[in-house]
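Report on the structure
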Amino acid sequence: MRLDYWEKVKHVEPENLVFLDETGVLLGLMRTHARSQMGTRAYSLNPFYRGSKVTVIGAISIKKVVALMTGTSLIDLMKLNVQTPRELVDINPLPLTKIEMQGNGVRIGAMARNSDVAYNAMIQERYPVLSEALLSGASPQLRNMATVGGNLLQRTRCYYFRDTSMSCNKRVPGSGCAAIEGYNRIHAILGGSDRCIATHPSDMAVAMIALDAVVQTRGPNGERSIPLVDFHLVPGNTPERETVLQHGELIVAVDLPASNFAKRSHYLKVRDRASYAFAMASVAAALDIQNGIIRAARIALGGVGTKPWRAYEAEKVLLNKPANQATFQAAATAAIAGAKPQKYNAFKVELTKRTIVKALATVGGMA
C-alpha cells in the first residue's frame, strides 16, 4: 500500500476499502474491525496476489489459489472475510466464452456471460427454461458480468454463513449451525442435515438440471464429464464440501443434450420481490406430451434444497399419465414428500407444491 494513498483515505471509515496498484490490479481489502473503548477503529489489510494465467493448464497447475472468473460473488465474500484467498488466478483470458452446437446439443463455455446465454437465439428456441431462469436472477448489470462456471460455484446466501461472528459448519467445520436454531425462513426443507440447512442460490443450475446438463472439467488428473445432477453435494457430515470438484479442477464448459422435452419447458420463481431477490421456491419444468399423455418429464426445484434439487419421485408420477390438474397435483405432493421444514420455513412446503402445479400447468398448456 502506498503511504501517500493512505494519507488520503485514513480519515474514511467504510466497512471495506479496496486497494489497487497503479495499473488497477487488486492488492488487498482493508477491513474495519470493532471500535475500541477509546472510540477508534482498528484496521487490517489482507493482501493477496492476483495473477494471470492465459492457458487452462496454467490455471489448474498452481496450488493454493482461487480461480477468479469475474468475482461477482467471490469479492463480496472476501469483503466479509468469509473467504480469504492468498492468491487469485484471473482466468478471464481463457477462450471459454463460446456458445455453440455440439453434436445435436449445445455446449456453453464456462466463461460465457449469463446475459449472453440468456439472449442467445439457440438457447431461447431450444432451451427456453434456461433463458427464463437466467433472466430471473440478479440484475442486468450482474448478468452482464457473471459467468456460467461462476454461477454453478456460487456460495450460499445463508446469513449465518456470511457472518463470521456466527457458528457455521460450512465456513468453519465443527463450529455448529446457527441456522438450525436461528431464523431459518430462507433455508432448505430438502437435503439438509444436523450440520447444515443452507440452500443453494442458483437459478441457472436448477434449469440446467432439468435439461440433463453435463459439466465438463479439466484438472491435474485429466478431463471429466460430470452430470450436473451429481455435481453438487448435500451437506451430510461435510457441509464445507459443496461439489465433487477436485483440487485444481476447473469447469471448462456445460453441455446441454438434445431432448424431446427441452423446447416445452418453463421456469417459475417465487420470491419476496419481483426482481433482484433469491427464490423462496422455484421450479424448472419440462414435459414431452403426445396426444395428451406425458411421455417424458423433468422437474427441478430451487430455493428449497441444499443443492439444486431434481424431483425424481414427481417425474415418476407424471410418466405416462394425462397432462391434467390432478396429475400435476399428485406430482407436486410426491416432490415434497421428504421435506423437513424448520421453525420459520414450514410455509415452503405448500408454496413449493403450488409452484410446481402452476409451472406444470403452464408447460402443459404450451402448443
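As a reminder, the structure under discussion sits directly above these lines.
Since the model is a prediction, treat every value here as computed from it, not as a measurement.

1. Points about the overall build of the protein chain
- In terms of regular secondary structure, the protein chain is built from 14 helices and 15 strands.
- In the protein chain, which comprises 367 residues, the share counted as buried stands at 50%.
- By sequence separation, contacts in the protein chain at least 24 residues apart represent 60% of the contacts at least 6 residues apart.

2. Some thoughts on the sheet that holds strand S8 (residues 105-109)
- Pairing within the open sheet is antiparallel, and its 5 strands lie in the order S7-S8-S11-S9-S10. Strands at the two margins of the open sheet, each flanked by one partner only, are strand S7 (99-102) and strand S10 (222-227). When the angles between neighbouring strand axes are averaged without regard to direction, this sheet yields 25°.
- Two strands pair when backbone bridges link them, and strand S9 (residues 214-219) and strand S11 (residues 250-256) are joined in this way by 5 bridges, in the antiparallel orientation. Bridge pairing links Val214 to Asp255 in S11.

3. Considerations on the nonpolar core
- Counting 38 residues, the largest nonpolar core has Ile108, Val117, Ile123, Leu130, Met208 and Leu256 as the members making the most contacts within it.
- For this core, the secondary-structure elements that each account for two or more residues are S8, helix H4 (114-118), helix H6 (128-135), helix H8 (148-153), helix H10 (204-210), helix H11 (228-231) and S11.
- Tallying contributions element by element places H10 first for this core, with 7 residues.
- In this view, Met208 contacts Ile108, Leu130, Val148, Ala213, Leu228, Val254 and Leu256; residues no more than four positions away in its chain are not counted.
- Judged by nonpolar contacts, the second largest core, of 27 residues, contains Leu318, Ala332, Ala339 and Leu360.

4. Regarding the packing of helix H13 (residues 325-335) against helix H14 (residues 347-364)
- The contact between H13 and H14 brings their axes to 9 Å, and the two run at 140°. Classified by the interaxial angle, the pair formed by H13 and H14 is oblique. As H13 runs across H14, the sense of the crossing is right-handed. On the side of H13, the interface is formed by Gln325, Phe328, Gln329, Ala331, Ala332, Thr333 and Ala335, while H14 contributes Lys353, Ile356, Val357, Leu360 and Ala361.

5. Quick word on H14
- Over its 18 residues, H14 extends 26 Å from the first C-alpha to the last, a length consistent with the 26 Å expected when each residue adds 1.5 Å.
- Buried within H14 we find Lys348, Thr352, Thr355, Ile356, Val357, Ala359, Leu360 and Val363.
- For H14, the secondary structure elements touched by its buried residues are strand S12 (265-271), strand S13 (279-290), strand S14 (293-302), helix H12 (312-318) and H13.

6. Re H6
- Counted residue by residue, H6 has 6 buried out of 8 residues, so it is predominantly covered.
- Burial in H6 covers these residues: Pro128, Val129, Leu130, Ser131, Ala133 and Leu134.

7. Considering the packing of aromatic side chains
- The full count for this structure, using the stated rule, is 3 aromatic pairs.
- When the centroid spacing of 5.5 Å and the interplanar angle of 75° are considered together, the rings of Tyr159 and Tyr160 count as edge-to-face.
- Take Tyr159: its relative accessible area is 32%, and that puts it in the partly exposed class.
- Given the relative accessible area of 13%, Tyr160 is considered buried.
- Between Tyr159 and Tyr183, the aromatic rings sit 6.5 Å apart at their centres with planes inclined by 15°, giving stacked as the arrangement. Highlighted residues: Tyr159 in the loop between H8 and helix H9 (178-181) and Tyr183 in the loop between H9 and H10, separated in sequence by 24 residues.
- Among the residues examined, Tyr183 registers a relative accessible area of 42% and is labelled partly exposed.
- In this structure an aromatic cluster arises from ring pairing among Tyr159, Tyr160, Tyr183 and Tyr344.

8. What to know about the environment of Gly303
- Along the chain, Gly303 turns up in the loop between S14 and strand S15 (309-310).
- For the pair Gly303 and His187, spaced 116 residues apart in sequence, the C-alpha to C-alpha distance is 7.7 Å.

9. Some words on the environment of Lys343
- Within the fold, Lys343 resides in the loop between H13 and H14.
- The class for Lys343 is exposed, based on a relative accessible area of 69%.
- With 159 residues separating them in the primary sequence, Lys343 and Asn184 have C-alpha atoms 7.0 Å apart.

10. Quick notes on the pairing of S9
- Pairing between S9 and S10: 6 bridges, direction antiparallel. Within S10, the position partnered with Thr217 by the bridge is Arg224.
- Hairpin remark: S9 followed by S10, antiparallel, with 2 residues in the connecting loop.

11. Points about the sheet that holds S13
- A sheet is described by the order of its strands in space; here 4 strands give the open sequence S12-S13-S14-S15, paired in antiparallel fashion. The outermost strands of the open sheet, each flanked by one partner alone, are S12 and S15.
- Note: S14 against S15, 2 bridges, orientation antiparallel. Its bridge partner lying in S15, Ala300 is registered against Arg310.
- Its contacts with the sheet put H6 on S12 and S13, and the angle it makes with S12 is roughly 20°.

Criteria and thresholds
- Residues numbered from 1 in each chain as written.
- Predicted model: local features only at pLDDT ≥ 70, side-chain atom pairs only at ≥ 80, totals over all residues.
- Heavy atoms only, no water.
- Helix = DSSP H or I, 4+ residues; strand = E, 2+ residues; numbered from the N terminus.
- Buried < 20%, exposed > 50% of the residue type's maximum accessible area, 1.4 Å probe, protein only.
- Contact = heavy atoms within 4.5 Å.
- Pairing = 2+ DSSP bridges.
- Axes fitted to C-alpha atoms, helices over the stretch in contact; angles between N-to-C directions.
- Core = buried A, V, L, I, M, F, W, Y, C linked by side-chain atoms within 4.5 Å.
- Parallel < 35°, antiparallel > 145°, perpendicular 65-115°, else oblique.
- Left-handed = near helix turned anticlockwise from the far one by under 90°.
- Expected span 1.5 Å × (residues − 1).
- Phe/Tyr/Trp six-rings, centres within 6.5 Å; stacked < 30°, edge-to-face > 60°.

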